[in-house]
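# Breakdown of the fold
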Amino acid sequence: IPGPEIDSGAFMSKMYPRDDAQSEFDYPVHRLFKLTKIMTAAQVKAPNNLDINGDPVRYVIKRGHTTFTTIGRLSGFESHTRHYGLLGTFDSIETVVFPYDNHSGPFSKGGDSGALIVGPEGEFVALLTGGTGPTDSSDITYGTLMVWLWEIIKAEFPGADPYFEIAE
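Residues numbered from 1 in each chain as written. Predicted model: local features only at pLDDT ≥ 70, side-chain atom pairs only at ≥ 80, totals over all residues. Heavy atoms only, no water.

## Some thoughts on the nonpolar core
Note the following rule: For our purposes a nonpolar core is just a set of buried Ala, Val, Leu, Ile, Met, Phe, Trp, Tyr and Cys residues, chained together by side-chain atoms within 4.5 Å. Accessibility here uses a 1.4 Å probe with only protein chains present; expressed as a share of the type maximum, an area under 20% marks a residue as buried, one over 50% as exposed, and anything in between as partly exposed. Per the convention used, a helix needs a DSSP run of H or I reaching at least four residues, while a strand needs a run of E reaching at least two, with both numbered from the N terminus. Residue contacts are counted whenever heavy atoms from the two residues lie within 4.5 Å of one another.
Judged by nonpolar contacts, the single largest core of 17 residues is most densely connected at Phe11, Met15, Phe25, Tyr59, Ile61 and Ile71. The set of elements that each furnish at least two residues to this core consists of helix H1 (8-15), strand E4 (59-64) and helix H3 (146-156). Top element by residues in this core is H3. It accounts for three residues. Sequence-distant contacts of Phe25, that is, excluding residues within four places in its chain, are made with Phe11, Met12, Met15, Tyr16, Phe33, Ile61 and Pro120.

What follows is the structure, encoded as structure tokens:
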């Protein structure tokens, strides 16, 4: 069952809350957002917009199973993590996404894991892996950086290509 969606005007206002900040986001036709590139590590670390207070920010978007479409603030920091298991260790590089503001609710909740976190210019940013915060919401969302993850995918599947066209 589709969840409540953000009205296109409200969505654009959230993505670009200031009149003096350049808009690079176009609301997608039919609500289908085409992803065309992978955000670089340098782009993840560099804000490309200003929030309503004039503070530097890079907004990201996620469509999850539980919280549906939400907009968050990419932290710009990366965290190197290691998970231990029966088959050995698994290292990853993750980033953090914060909620849009103090009044918008969480960026993600339980059940959103696996959702893509994307940038406003059609960039793959991260794969949502978890969060932390009060039991009914996540104050902090973690995602494995796609720029790092894609190197692993290419090594395992040399012919893989994340950009495909669907015939209409």
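## Topic: the pattern of salt bridges
Convention followed: In the sections that follow, a salt bridge refers to a side-chain nitrogen of Lys or Arg positioned within 4 Å of a carboxyl oxygen of Asp or Glu.
A full pass over the atoms with the stated rule returns five salt bridges. Its salt-bridge partner being Asp112, residue Lys62 comes within 3.8 Å of it at the nearest N-O pair. With Lys62 in strand E4 and Asp112 in the loop between strand E6 (88-99) and strand E7 (116-118), this residue pair connects regions lying 50 residues apart in the sequence. Exposure class is identical for Lys62 and Asp112. Each is buried. Residue Asp91 pairs with Arg82 through a salt bridge whose shortest N-O separation is 2.6 Å. A residue is classified by how much of its surface remains accessible, and Asp91, at 34% relative accessible area, is partly exposed.

## Quick notes on unusual backbone geometry
One non-glycine residue, Phe68, lies in positive phi territory at about 60°. Given a relative accessible area of 18%, Phe68 falls into the buried group.

## Section: the packing of aromatic side chains
The following threshold applies: Pairing of aromatic rings covers Phe, Tyr and Trp, the last through its six-membered ring, and needs centres within 6.5 Å; plane angles under 30 degrees mean stacked, over 60 mean edge-to-face, and all others mean tilted. The criterion is that NZ of a Lys, or CZ of an Arg, lies within 6 Å of the ring centre and within 35 degrees of the ring normal, and then a charge sits over that ring.
A complete count under the given rule lists two aromatic pairs for this structure. One Lys or Arg, Lys14, reaches over the ring of Tyr100 and ends 4.9 Å from the middle of that ring. In this structure, Lys62 is placed above the aromatic ring of Phe107, and the distance from its NZ or CZ to the ring centre is 5.5 Å.

## Some points on the environment of Asp112
To be explicit about the condition: Under this definition, polar contacts are N or O atom pairs within 3.5 Å; protein pairs additionally need one hydrogen-donor-capable and one acceptor-capable atom, and for neighbouring residues in sequence, both atoms have to be side-chain atoms.
Its relative accessible area of 1% is what places Asp112 among the buried residues. C-alpha of Asp112 to C-alpha of Phe68: the two residues are 44 residues apart in sequence and 8.2 Å apart in space. Those residues in contact with Asp112 that lie beyond four places of it in its chain are Lys62, Gly64, His65, Thr66, Thr67, Phe107 and Leu128. Side-chain polar atoms of Asp112 contact the backbone nitrogen of Thr66, separated by 2.7 Å. Here the side chain of Asp112 touches Thr67 through a polar contact of 2.5 Å, side chain to side chain.

## Some remarks on the confidence of the model for the chain
Should the pLDDT be low somewhere, the predicted coordinates at that spot are not to be read in detail. Applicable threshold: Every residue is assigned a pLDDT by the predictor, reflecting its confidence on a scale from 0 to 100.
With 88% of its residues at a pLDDT of 70 or more, the chain has an overall mean of 84. Per-element confidence in the chain is highest for E7, whose mean pLDDT is 96, and lowest for H1, whose mean pLDDT is 80.

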